[in-house]
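Working through the structure, step by step
This is what each chain is made of:
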Amino acid sequence: MTQKLTSDLVVAAVQMNSGPDVRANVAKAVDLINVAATEHHADLVVLPEFFNTEYIFTRHDPSLVRLAEHEDGPSMQAVKDAARRHGITIVATLLEEDGPGLTYDTAMVVAPSGSIVSKYRKTHPAATASLEKVFFRNGSYFNTTAVGGFSMGINICYDNEFSESARCSALNGADLIVAPFATPEQFPMTTIMSARACDNQLYVLAANKVGLEDELEFCGTSLVADPEGRLMAVASKTEEEIISSVINRRNVIDTRLSRPIYRDRRPDLYGALTTASEDLPRWRTAK
């Protein structure tokens, strides 16, 4: 099927704080989805990373992995019901149990029918202010999903620190990247996400946690950026809220026609990006 070039899509990011009560977190998320659908008329709603739990990954306690849920667990069932009720697409990210002792940080794409049509698993578990690598495995691909005339890629939180993540998504066809986040206040959200949008000439939508969870203060600043990197909507750093924008695929096409970077790329020169010996920088000592 040929993608429409001029289709509008209303996208919304839910910025929320989660506590220790999973049921209460899920109920809050569903309430915010309802608002996004009825008041913002959203076609696509994106929840923050780990929307159903508080951020637990600063604790060295392997028993917390028991908070992981299967795709048919109660948290995702509530999201599926909301998607079906409103006839919208929802991206929900949680700690997924794929088998006993096997967990991933997974963004699940729920279609208007209420079914999960695709998944993306975080490829870069963080280990800076957190211990994510203790709790879950990394994903291994940058897939895309058709949503309302767009080809949507997903990069989760720390994935966005690596420009290669967004570029791989773009090369796999993405003209929209959604980014569920659970990132604290030191992260330069607007700078990095605007750059990802501009570098790849696509829309970016980021949905972050906000406020104090366990030991971390999350920075909010959920946003939508256009294919030139301009900010279309930005949330506060301190409050729960919903932001939304109307995006149009024609703007992606026009930007790529005016600055044809995909024509002028030189992948034959980029071997250093995938050569194992280049993983560490070569530091030079000043004389």
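Anything mentioned here points back to the structure above.
Described in the following lines is the structure provided in the data block.

The rules behind the values
- Position numbers for residues count from 1 along each chain, tracking the sequence in the order it is written.
- For a predicted model such as this one, the threshold for reporting local features is a pLDDT of at least 70, and the threshold for listing and counting side-chain atom pairs is 80 or more; totals across whole chains, interfaces and linings nevertheless cover every residue.
- In computing side-chain properties, one takes all heavy atoms of the structure into account and sets aside hydrogens as well as water.
- To qualify as a nonpolar core, a set must consist of buried Ala, Val, Leu, Ile, Met, Phe, Trp, Tyr and Cys residues joined through side-chain atoms within 4.5 Å.
- The buried label applies to any residue whose accessible area, calculated with a 1.4 Å probe on protein chains only, is under 20% of its type's maximum; exposed applies above 50%, and partly exposed to all values in between.
- Runs of E in the DSSP output that reach at least two residues are strands. Runs of H or I that reach at least four are helices, and both are numbered from the N terminus.
- Contacts: residue pairs with any heavy atoms within 4.5 Å of one another.
- Here a polar contact is recorded for every N or O atom pair within 3.5 Å, except that within protein the pair must consist of a potential hydrogen donor and a potential acceptor, and residues adjacent in sequence are included only if both atoms are side-chain atoms.
- Expected helix span is taken as 1.5 Å per residue step, with the number of steps being one fewer than the number of residues.
- Salt bridges are defined as contacts in which a side-chain nitrogen from Lys or Arg sits within 4 Å of a carboxyl oxygen from Asp or Glu.
- DSSP calls a pair of strands paired once it identifies at least 2 bridges connecting them.
- Geometry is summarised by axes, namely lines fitted to C-alpha atoms with helices restricted to the contacting stretch, and by angles between N-to-C directions that run from 0 to 180 degrees.
- Pairing of aromatic rings covers Phe, Tyr and the six-membered ring of Trp, with a centre-to-centre limit of 6.5 Å; geometry is then stacked below 30 degrees between planes, edge-to-face above 60, and tilted otherwise.
- Residues with no salt bridge and a relative accessible area higher than 30% make up the patches, which join like charges within 9 Å and nonpolar side chains (Val, Leu, Ile, Met, Phe, Trp, Tyr) within 5 Å.
- Per-residue and other accessible areas follow the Shrake-Rupley method at a 1.4 Å probe size, with only the shown protein chains counted as cover for residues.

Let us now look at the nonpolar core. A general trend in soluble globular proteins is that nonpolar side chains are found buried together. Counting 43 residues, the largest nonpolar core has Leu44, Val91, Met152, Ile154, Leu176, Val178 and Met193 as the members making the most contacts within it. Counting residues per element, this core draws most heavily on strand β9 (residues 203-207), at 5 residues. Within the second largest apolar cluster, 27 residues are counted, among which are Val14, Ala36, Val79 and Ile88.

Now for the environment of Ser18. Inspection of the secondary structure puts Ser18 in the loop between β1 (8-15) and α1 (22-38). Separated by 10 residues in sequence, Ser18 and Lys28 place their C-alpha atoms 8.6 Å apart. Those residues within four positions of Ser18 in sequence are excluded, and the remaining contacts are Asn25, Phe50, Phe51, Thr53, Glu54, Lys209 and Glu213. At 2.8 Å, the side chain of Ser18 forms a polar contact with the backbone oxygen of Phe51.

When the terminal C-alpha atoms of helix α5 (residues 189-200) are compared, their 17 Å separation across 12 residues agrees well with the 16 Å that a helix rising 1.5 Å per residue should span. For α5, the set of buried residues is Met189, Ile192, Met193, Ser194, Arg196, Ala197 and Asn200. Two residues or fewer past α5, Gln201 is found with a positive phi of approximately 55°.

This part is about the pattern of salt bridges. Applying the stated criterion across every chain, the model contains 19 salt bridges. In this structure, Asp254 and Arg250 form a salt bridge, with 3.1 Å as the shortest nitrogen-oxygen distance. Of this pair, Asp254 and Arg250 are both found in helix α6 (residues 249-258), 4 residues apart, which corresponds to roughly one turn of the helix. When its relative accessible area of 38% is taken as the criterion, Asp254 is described as partly exposed. Since its relative accessible area comes to 27%, Arg250 is described here as partly exposed. In the salt-bridge network here, residues are joined through shared partners; they are Glu71, Glu96, Asp98, Lys119 and Arg121.

Across the sheet, which stays open at both edges, the 6 strands sit in the order β6-β7-β8-β9-β12-β13 with mixed pairing between neighbours. The open sheet has two edge strands with one neighbour each: β6 (144-147) and β13 (231-234). If you compare each strand with its neighbour and ignore which way they point, the axes differ by 20° on average. Two strands pair when backbone bridges link them, and strand β8 (residues 176-180) and β9 are joined in this way by 5 bridges, in the parallel orientation. Its bridge partner being in β9, Val178 is matched across the sheet by Leu205. This element, α5, spans β8, β9, β12 (223-225) and β13 of the sheet and lies at about 30° to β12.

Next up on the list: the packing of aromatic side chains. Across all of its chains, the model carries 11 aromatic pairs by this definition. For the ring pair Phe50 and Phe57, a centre distance of 4.7 Å and an interplane angle of 50° mean the geometry is tilted. The exposure class assigned to Phe50 is buried, which follows from its relative accessible area of 0%. Ring centres of Phe57 and Phe135 lie 5.0 Å apart, and the angle between their planes is 75°; on these two criteria the pair is classed as edge-to-face.

So, about a nonpolar patch on the surface. Where nonpolar side chains cluster on the molecular surface, the patch consists of Leu269, Tyr270 and Leu273 and spans about 320 Å² of accessible area. Topologically, Leu269 is positioned in the segment after α7 (261-264).

In this section: the pairing of strand β11 (residues 216-219). Two elements, strand β10 (residues 210-213) and β11, share 4 bridges in a ladder whose sense is antiparallel. Pairing of Gly211 across the sheet is with Phe218, part of β11.

Structurally, the position occupied by Ser118 is in strand β5 (residues 116-121). Within the structure, the side chain of Ser118 is placed 2.6 Å from the side chain of Thr145, a separation counted as a polar contact. If we ignore the near neighbours within four places in the chain, the residues touching Ser118 are Ala107, Met108, Val109, Asn143 and Thr145.

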